[in-house]
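Residues per chain are reported as follows:
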Amino acid sequence: MTETPRLFTPMTIRGLTLRNRIVLSPMLTYAAEAGHVTDWHLMHLGKFAVGGCGLVFMESTKVDPRGCTTPRDCGLWKDDFIPGLARITRFVHAQGAPIGLQLGHSGRKARNSLPWEGRAPLASHPGVDHGEEWELVGPSAVASSPAAAVPRALTIPEIQDMVVAWGAAADRADRAGFDVLEVHGAHGYLLHQFLSAGANQRTDRYGGSLENRQRFAVEVVEEVRRHWPAEKPLFFRVSAIDEDGGTIEETVSLCRVLREKGVDVIDCSTGGMTPRSIVDSGKVHGYGYQVPHAERIRAEAAIATMAVGLIIHADQAEAILRQGRADLVAIGREMLHNPNWALDAADKLGLAAPYATLPDAYGYWLEKRAKAGFGGRPSTWQSGIGPGTEEAR
Ligand SMILES: Cc1cc2nc3c(=O)[nH]c(=O)nc-3n(C[C@H](O)[C@H](O)[C@H](O)COP(=O)(O)O)c2cc1C
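None of these values were measured; they are calculated from a predicted model.

Considerations on the site of the ligand
And then number 1: Near the ligand, the surroundings consist of 18 residues, among which Ser25, Pro26, Gln102, Leu310 and Arg333 are the closest.
And then number 2: Contact distances for the ligand include 2.8 Å between a nitrogen atom and a backbone N or O atom of Leu28.
And then number 3: For the ligand, an oxygen atom lies 3.1 Å from a polar atom in the side chain of His184.
And then number 4: When isolated, the ligand has an accessible area of 610 Å², and the protein chains bury 90% of it.
And then number 5: Of the residues assigned to the shell around the ligand, the class counts are nine nonpolar, seven polar and two charged.

Structure follows, in structure tokens:
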């Protein structure tokens, strides 16, 4: 018997066992209405659960309406959002997958048009919740680019209120039925802004030294962990390095603290300190370009890591895990291309029963076809089939 691929070895984190190590990376879909999820989210997340992911991540969902990147972001700043989210968690659970939610706040990078509308600072500012004035806030009055508006620096009482908002959103995520929570501490958004010596020019206890710059992120994690059940895993996404002086050494030091505060997995991304999207930098990255950071954080901070970024092929993902460079792999854009990526990987890596995790409505027929031995490979695997090669029936 051949060994089970590492990609399909279950992983237990606290009280949750993932059926495999394939994770849908959190991705904004810009489909919410006044912060509420829509049928789009049900369809979008549902299909990755059906496709066999070990963990499906809901996009960055905001703890404060001011923190929305665009008017179409999802929200969790009030209880009204819970029923819509609970419908999604019930559906994903029914397909046999757990579901995570990423909590976020864009800080000075909030208030933009949609990517396909130019991702430009909005000229008028009706807020996402009910048309309120949409104020840009951040650690300091430092804009993210010459074209961006200057945020207002949060006062210390406002920082403390913000910490409370993260905890309250974590509690709502629990009540909505999510299994995993991720704190978004990357991509130039609010937590990352506090961590950055460039964006954070404060001279109080939230700025200056590395420990002071880490204080807000650590307090957020403490508050989230207080509101998030002990049996449920907590992830934290870092920008391991960035374009404004953020180093891997600083990130490793943060991860060591986060591990002590109850974070279970570090999701290892990079960048975001420029106004451009992290996947729209104009620079073509290579395969697995962020994997070295997942490897280093795993080794030096002694914490489980999730690798992400141009992980495209099943054998590539398998090698990352086998070489001990990460514990989980997150797939973003390639999942948009192929929502059945996990199923496809199971087939290509030779898993004994690749269709076992599919709902009967699909699995029954595909298994039957495989057993009948039609002789080909599924999907777009094979070339050269066409007129002349077809068998007459
Ligand atoms: C459309 C889109 C939306 C994204 N939204 C988020 C998000 O909400 N939170 C986040 O941390 N990263 C977000 N990302 C980044 C992805 O999670 C992922 O890290 C990145 O796309 C690199 O992985 P990939 O090469 O597999 O796509 C987004 C990426 C894309 C393409």
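Points about the pairing of strand β11 (residues 265–269)
And then number 1: In terms of residue burial, β11 counts as a mostly covered element, since five of its five residues are buried.
And then number 2: Relative to β11, strand β10 (residues 234–239) runs parallel, the two sharing five bridges. Paired with Phe236 across the strands is Ile266, a residue of β11.
And then number 3: For the segment spanning β10, helix α6 (residues 248–260) and β11, crossover handedness is right-handed.
And then number 4: As paired strands, β11 and strand β12 (residues 304–308) are joined by four bridges and run parallel to one another.

Regarding the environment of Phe216
And then number 1: The residue Phe216 is located in helix α5 (residues 210–227) in this model.
And then number 2: Using a relative accessible area of 1% as the deciding quantity, one classes Phe216 as buried.
And then number 3: Placed 24 residues apart in sequence, Phe216 and His192 show a C-alpha to C-alpha distance of 9.7 Å.
And then number 4: Those residues within four positions of Phe216 in sequence are excluded, and the remaining contacts are Ile159, Met162, Val163, Trp166, Leu190, Leu191, Phe194 and Tyr206.

Re the environment of Trp381
And then number 1: With respect to the secondary-structure elements, Trp381 resides in the segment after α11 (360–371).
And then number 2: When the C-alpha atoms of Trp381 and Thr12 are compared, they prove to be 33 Å apart, with 369 residues separating the residues in sequence.

As for the environment of Ser269
And then number 1: Of note, Ser269 is situated in strand β11.
And then number 2: A C-alpha to C-alpha distance of 33 Å links Ser269 and Gly131, two positions 138 residues apart in sequence.
And then number 3: Here the side chain of Ser269 touches His187 through a polar contact of 2.6 Å, side chain to side chain.

Re the nonpolar core
And then number 1: With 88 residues, the main nonpolar core has Trp166, Phe216, Phe236, Ile266 and Ile297 as its most contacted residues.
And then number 2: If you tally residues by element for this core, the top one is helix α3 (residues 156–175), at seven residues.
And then number 3: With 15 residues, the next largest nonpolar core counts Met11, Leu18, Phe235 and Met306 among its residues.

What to know about the pattern of salt bridges
Pairs can form between side chains of opposite charge once their charged atoms are near each other.
And then number 1: Using the criterion set out here, one finds 28 salt bridges in the structure.
And then number 2: Between Glu158 and Arg152 there is a salt bridge whose closest N-O contact spans 2.8 Å.
And then number 3: Note on Arg152: relative accessible area 29%, which makes it partly exposed.
And then number 4: Here the residues in one salt-bridge network are Asp64, Arg66, Glu135, Arg152 and Glu158, joined through shared partners.

Details of the packing of α6 against helix α7 (residues 291–300)
And then number 1: Packing of α6 against α7 brings their axes to within 10 Å, and their N-to-C directions diverge by 45 degrees. Relative to α7, the element α6 is oriented oblique. Considering only the axes of α6 and α7, their crossing is right-handed. Between α6 and α7, the contacting residues are Ile248, Glu249, Thr251, Val252, Cys255 and Arg256 on the first element and His293, Arg296, Ile297 and Glu300 on the second.
And then number 2: Residues that form the contact of α6 with α7 fall into these classes: four nonpolar, two polar and four charged.

Points about the side chain of Thr270
And then number 1: Secondary-structure assignment places Thr270 in the loop between β11 and α7.
And then number 2: A polar contact is formed between the side chain of Thr270 and the side chain of Gln290, at a distance of 2.6 Å.

Examining unusual backbone geometry
And then number 1: With phi around 50 degrees, Arg14 is a residue other than glycine that occupies positive phi space.
And then number 2: Looking at the secondary structure, you find Arg14 in the loop between β1 (11–13) and β2 (16–18).
And then number 3: We classify Arg14 as partly exposed; its relative accessible area is 37%.
And then number 4: Phi at His187 is positive, roughly 60 degrees, even though this residue is not glycine.
And then number 5: For His187, the location among the structural elements is in the loop between β9 (180–185) and α4 (190–195).
And then number 6: According to the relative accessible area criterion, His187 is buried, its value standing at 7%.

What counts as what
Residues numbered from 1 in each chain as written. Predicted model: local features only at pLDDT ≥ 70, side-chain atom pairs only at ≥ 80, totals over all residues. Heavy atoms only, no water. Near = heavy atom within 4 Å. Polar contact = N/O pair within 3.5 Å; in protein donor to acceptor, adjacent residues only side chain to side chain. Areas by Shrake-Rupley, 256 points an atom, 1.4 Å probe, with all protein chains shown as cover. Nonpolar A, V, L, I, M, F, W, Y, C, P; charged D, E, K, R; others polar. Buried < 20%, exposed > 50% of the residue type's maximum accessible area, 1.4 Å probe, protein only. Helix = DSSP H or I, 4+ residues; strand = E, 2+ residues; numbered from the N terminus. Pairing = 2+ DSSP bridges. Right-handed = clockwise from strand over helix to strand, strands pointing away. Contact = heavy atoms within 4.5 Å. Core = buried A, V, L, I, M, F, W, Y, C linked by side-chain atoms within 4.5 Å. Salt bridge = Lys/Arg side-chain N within 4 Å of Asp/Glu carboxyl O. Axes fitted to C-alpha atoms, helices over the stretch in contact; angles between N-to-C directions. Parallel < 35°, antiparallel > 145°, perpendicular 65-115°, else oblique. Left-handed = near helix turned anticlockwise from the far one by under 90°.

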